[in-house]
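# Topology and contacts: notes
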Amino acid sequence: MATVEEKTTPICCSKAAVTASSTSSNVPKQKQQPSFVSAVDSRLDPPPKSASSKGITVMAKAQTLHPLDPLTAAEISVAVATVRAAGATPEVRDSMRFIEVDLVEPEKQVVALADAYFFPPFQPSLLPRTKGGPVIPSKLPPRKARLVVYNKKSNETSIWIVELTEVHATTRGGHHRGKVISSTIVPDVQPPMDAVEYAECEAVVKDYPPFREAMKKRGIEDMDLVMVDPWCAGYHSEGDAPSRRLAKPLFFCRTESDCPMENGYARPVEGIHVLVDMQNMVVLEFEDRKLVPLPQADPLRNYTSGETRGGVDRSDVKPLQIIQPDGPSFRVNGNFVQWQKWNFRIGFTPREGLVVYSVAYIDGSRGRRPVAHRLSFVEMVVPYGDPNDPHYRKNAFDAGEDGLGKNAHSLKKGCDCLGYIKYFDAHFTNFYGSVETIENCVCMHEEDHGMLWKHQDWRTGLAEVRRSRRLTVSFICTVANYEYGFYWHFYQDGKIEAEVKLTGILSLGALQQGETRKYGTTIAPGLYAPVHQHFFVARMDMAVDCKPGDAFNQVVEVNVKVEEPGKNNVHNNAFYAEEKLLKSELEAMRDCDPLSARHWIVRNTRSVNRTGHLTGYKLVPGSNCLPLAGSEAKFLRRAAFLKHNLWVTAYARDELHPGGEFPNQNPRVGEGLATWVKQNRPLEEADIVLWYVFGVTHIPRLEDWPVMPVEHIGFMLMPHGFFNCSPAVDVPPSPSDLDDKENGMPAKPSQNGLIAKL
């Protein structure tokens, strides 16, 4: 993932955007370190030998890239070339298809070491104190890549770990030098599908004579009008077992070939069953089960601005410009971001998309206070509620089966942000191992967020008000018909908001003349939208007031209770907040309860505030739901994590995917979270990971057609007894604040415009 120049534009990503000067942080240059090996981590390499190659510049990876920086294009190329070179035969090498190439994230102690001595803002306090002072290493461990490789010939999936010892930069694009650490075949799985496979599947189906004949019966002879969406097969019976790589496509049809932005989803093709072998790209099963007429052409089917057929674009909205003449308030150094009192690192993976690392708040004399080690959206599931074919099998795992990151947008083609924007690029491997770059993939900008605080004194008539500003980091992806925007908002009062915006186009079904369906909404003649749900899983590796590697957090559930009538409640008006410590993983499987204002607090067991209570951050649910399906629903075999809104686990490095790493055609029951918590690890003082499952039940409206306006869902992480006074108001600095060198935050005037009344 690379950074690109920031751009200022009064309208959304205008081509007239002006390239601005870099806002790299004015941080001190990297310190010169003694050249001896540390006792801090026994896996550190000895000092590197001097490397020399004719005409080749050698970059020591440990010194130029932070351990949490996403893999560069050069590193991905090295990893792919190393794995391909390790193939036993030419046939094996030619059959390799590269599903994911991702960074092997290091142990937390290595991250602490990097942040302490190798990368700004240099925080030696992150490491434990030792007698005689810390011993500083000469270099960090080599970075590693993890590759998921599918063998097209053998239908096998393997996982490779490659050590990226050195990457050689040349004008021709590089030379590889990597080392295979391990290679493991994973039996009985199917890895995520790739865009190349989707395109090949569409071509195979459209060339299949029985399919062409079925479309001809429906009045369609021009195959250029036909859209084939190759949905993963899921798992509904032994016929879907992962011994074969399968897709069960859905079909739609445009009305005009010269209308590239026409909404083809407005004309679903019902009654055709196709099963495709994605390994060999052949049609295994075909059946024209029922002839359902294609819905009539929708007059609003073209949603291109200025070209809507049957409608008129709005012309009564005046321009709205967001201008920051002095530039933004954030500072960026590589992937390290500083804004107000927040700092964190930006990451990106093919599966999750945006990842936010090392989230911390600079709190006056208390210095840098960690909040979370890693924040991301790790899975999403979209089950449909119509029992009819083909809708009953629409239960996509959009992260595990497709990859949110790999389906992300280049915001050069359309950005939803306004103002001064900092973009980050993302690098991926394609199916054949070549590196592809999504330019302007992650967007970061500041937003005015209305009122932060206000009070008017009725005696004097005087009023004080403070505007709220937030920093937003986001990306957007498209999975078939739906768009999803994923956002992390950072606020001046210490809040972190996670938000998902759902938009795009509904997945529809066709109706016979006069037919209606109880499992959906009729939105046009012969056209209906099935009821469905969207579920998202946020994984939050918390670190409230914890250095990397510390295990001093616990989770408390808070419920509001009504006091029993009696001497303590003679007026029958009393209620109180009752806390319950979640002591183990099985005890911590919890659901939302708005009637009791239920929320959860992550507390540090060894850090107190000025009242003597433990410091903490609380998870405040937004609107939420649980699956509206019977306990034996097939999709719940793979998505057992949807059965509860909150799960809490003790940190384990390899526990990342709540439904298991390979949910595609997964025959196993309860893999992932539901299996891990059976260990029932203690949580009274632990390295805590929160898994919050939140969703929305979508009963489509007539107004959701032809395009669906944005719907918002999410939750809040809020300080709870974390600060000694409101972080929304600046307070006089203590002497130690005036030059907080250790935390890399030299004193400077406040940027948030908030003034304390003294």
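Structure: see above.
Below, the structure is looked at part by part.

What counts and how
- Residues numbered from 1 in each chain as written.
- Predicted model: local features only at pLDDT ≥ 70, side-chain atom pairs only at ≥ 80, totals over all residues.
- Heavy atoms only, no water.
- Helix = DSSP H or I, 4+ residues; strand = E, 2+ residues; numbered from the N terminus.
- Buried < 20%, exposed > 50% of the residue type's maximum accessible area, 1.4 Å probe, protein only.
- Contact = heavy atoms within 4.5 Å.
- Areas by Shrake-Rupley, 256 points an atom, 1.4 Å probe, with all protein chains shown as cover.
- Core = buried A, V, L, I, M, F, W, Y, C linked by side-chain atoms within 4.5 Å.
- Phe/Tyr/Trp six-rings, centres within 6.5 Å; stacked < 30°, edge-to-face > 60°.
- Pairing = 2+ DSSP bridges.
- Axes fitted to C-alpha atoms, helices over the stretch in contact; angles between N-to-C directions.
- 1 Å grid on protein atoms, 1.4 Å probe; cavity = no way out; pocket = protein on both sides within 12 Å on 5 of 7 lines; lining within 4 Å.
- Points joined across faces, edges and corners; volume = space filled by probe spheres on them.
- Nonpolar A, V, L, I, M, F, W, Y, C, P; charged D, E, K, R; others polar.
- Expected span 1.5 Å × (residues − 1).
- Polar contact = N/O pair within 3.5 Å; in protein donor to acceptor, adjacent residues only side chain to side chain.
- Salt bridge = Lys/Arg side-chain N within 4 Å of Asp/Glu carboxyl O.

## With respect to the overall build of the chain
The secondary structure content of the chain amounts to nine helices and 38 strands. Counting only residues that meet the buried cut, the chain has 54% of its 758 residues in that class. Within the chain, contacts between residues at least 6 apart in sequence are counted, and of these 69% link residues at least 24 apart. Of the roughly 33,400 Å² of accessible surface on the chain, a fraction of 53% belongs to carbon and sulfur atoms.

## Thoughts on the nonpolar core
By size, the foremost hydrophobic cluster in this structure holds 87 residues, and its most contacted members are Val359, Phe486, Trp488, Phe490, Met540, Leu690 and Phe715. If you tally residues by element for this core, the top one is strand E19 (residues 368-383), at six residues. Not counting residues up to four positions away in its chain, the partners in contact with Val359 are Trp342, Asn343, Phe344, Pro370, Val371, Ala372, Leu375, Phe490 and Ile496. The next biggest cluster of nonpolar side chains, apart from the first, holds 23 residues, and it includes Leu225, Val228, Ile272 and Val274.

## Section: the packing of aromatic side chains
In this structure the tally under the stated criterion is 25 aromatic pairs. Considering the side-chain rings of Phe431 and Tyr432, the 5.9 Å spacing of their centres and the 70 degrees angle between planes classify their relative orientation as edge-to-face. Looking at Phe431, the relative accessible area reads 1%, which means it is buried. Accessibility expressed as a relative area gives 40% for Tyr432, which makes it partly exposed. Both rings, one in Tyr617 and one in Phe722, keep their centres 5.0 Å apart while their planes meet at 75 degrees; by these two values the pair is edge-to-face. Taken as a pair, Tyr617 in strand E33 (residues 614-621) and Phe722 in the loop between strand E36 (708-719) and strand E37 (739-740) lie far apart in primary sequence, 105 residues in all.

## Some words on the sheet that holds strand E11 (residues 250-253)
Overall, antiparallel pairing links the three strands, which are arranged E9-E11-E12 in an open sheet. The sheet is open, and its two borders are formed by strand E9 (226-229) and strand E12 (268-269), each paired with just one other strand. Where E11 lies against E12, two bridges are found, and the strand directions are antiparallel. If you follow Phe252 over to E12, its bridge partner there is Pro268. In the packing of helix H5 (residues 195-206) onto the sheet, the strands contacted are E9 and E11, and the crossing angle to E9 comes to about 130 degrees.

## Re empty space enclosed by the protein
In this approach a probe as big as a water molecule rolls over the atoms, and the regions it shows empty are the leftover space. With the rule as written, the count across this model stands at seven cavities of 30 Å³ or more. Roughly 100 Å³ of volume is contained in the largest cavity. Lining the largest cavity, in full, are Val111, Asp115, Ser358, Val359, Arg368, Pro370, Ala372, His373, Ala543, Cys546, Lys547 and Pro548. Secondary-structure elements contributing two or more residues to the lining of the largest cavity are helix H4 (108-118), strand E18 (353-362) and E19. A breakdown of the residues in the lining of the largest cavity according to their chemical character gives seven nonpolar, two polar and three charged.

## Brief notes about unusual backbone geometry
Omega for the peptide link from Pro120 to Pro121 comes to 10 degrees, which places this bond in the cis form. With an omega of 10 degrees, the peptide bond between Trp705 and Pro706 qualifies as cis. Summarising the element assignment, Pro706 is placed in the loop between strand E35 (688-698) and E36. Although it is not a glycine, Phe122 sits at a positive phi angle of roughly 60 degrees. Mapped onto the secondary structure, Phe122 falls in the loop between H4 and strand E5 (143-151).

## Describing helix H2 (residues 73-85)
Look at H2: 18 Å from first C-alpha to last across 13 residues, which is about the 18 Å you get at 1.5 Å a residue. Of the residues making up H2, those classed as buried are Glu75, Ile76, Val78, Ala79, Val80, Thr82 and Val83.

## Focus on the sheet that holds E5
The antiparallel open sheet is built from four strands, whose spatial order is E4-E5-E6-E8. On the outer flanks of this sheet lie strand E4 (96-103) and strand E8 (179-186), each paired with one strand and no other. Sheet twist, expressed as the mean angle between neighbouring strand axes with direction ignored, is 20 degrees. Bridge count between strand E6 (residues 156-164) and E8: seven bridges; the pairing is antiparallel. Among the inter-strand pairings, Glu163 is bridged to a residue of E8, identified as Lys179. Helix-sheet contacts for H2 involve E4, E5, E6 and E8, and the interaxial angle to E4 is about 135 degrees.

## A short note on the side chain of Ser507
In this structure, Ser507 sits in the loop between strand E25 (496-504) and strand E26 (509-510). Only 2.8 Å separates the side chain of Ser507 from the side chain of Lys394, close enough to count as a polar contact.

## Points about H4
Counted residue by residue, H4 has 10 buried out of 11 residues, so it is predominantly covered. Where H4 is concerned, the buried positions are Lys108, Val110, Val111, Ala112, Leu113, Ala114, Asp115, Ala116, Tyr117 and Phe118.

## Thoughts on the side chain of His236
Mapping His236 onto the fold places it in the loop between E9 and strand E10 (246-247). Residue classification places His236 among the buried residues on the basis of a relative accessible area of 15%. Apart from the residues lying within four places of it in its own chain, the contact partners of His236 are Tyr392, Arg393, Asn395 and Lys634.

## Overview of the pairing of strand E16 (residues 336-339)
Consecutive side chains of a regular strand alternate in pointing toward one face of the sheet and then the other. Going residue by residue along E16, you find Phe336 and Gln338 tucked away on one face and Val337 and Trp339 tucked away on the opposite face as well. Sheet analysis places strand E15 (residues 331-333) next to E16, joined by three bridges and oriented antiparallel. When the bridges of E16 are listed, Asn333 appears paired with Phe336. With four bridges joining them, E16 and strand E17 (residues 342-349) adopt antiparallel strand pairing. Bridging across to E17, Val337 finds its partner in Phe344. A loop of two residues connects E16 with E17, the two strands running antiparallel in sequence, and Gln340 in this loop sits at a positive phi of about 50 degrees.

## Side note on the pattern of salt bridges
Taken as a whole and judged by the stated rule, the model has 43 salt bridges. Among the ionic pairs, Asp194 bridges to Lys406, the shortest N-O distance being 3.0 Å. Within this pair, whereas Asp194 is found in the loop between E8 and H5, its partner Lys406 is found in the loop between helix H7 (398-402) and strand E21 (419-429), the two being separated by 212 residues in sequence. Judged by relative accessible area, which is 6%, Asp194 ranks as buried. Of the residues examined, Lys406 reaches a relative accessible area of 24% and is grouped as partly exposed. Shared partners join several salt bridges into a network, and the residues in it are Glu287, Arg289, Asp389 and Arg393.

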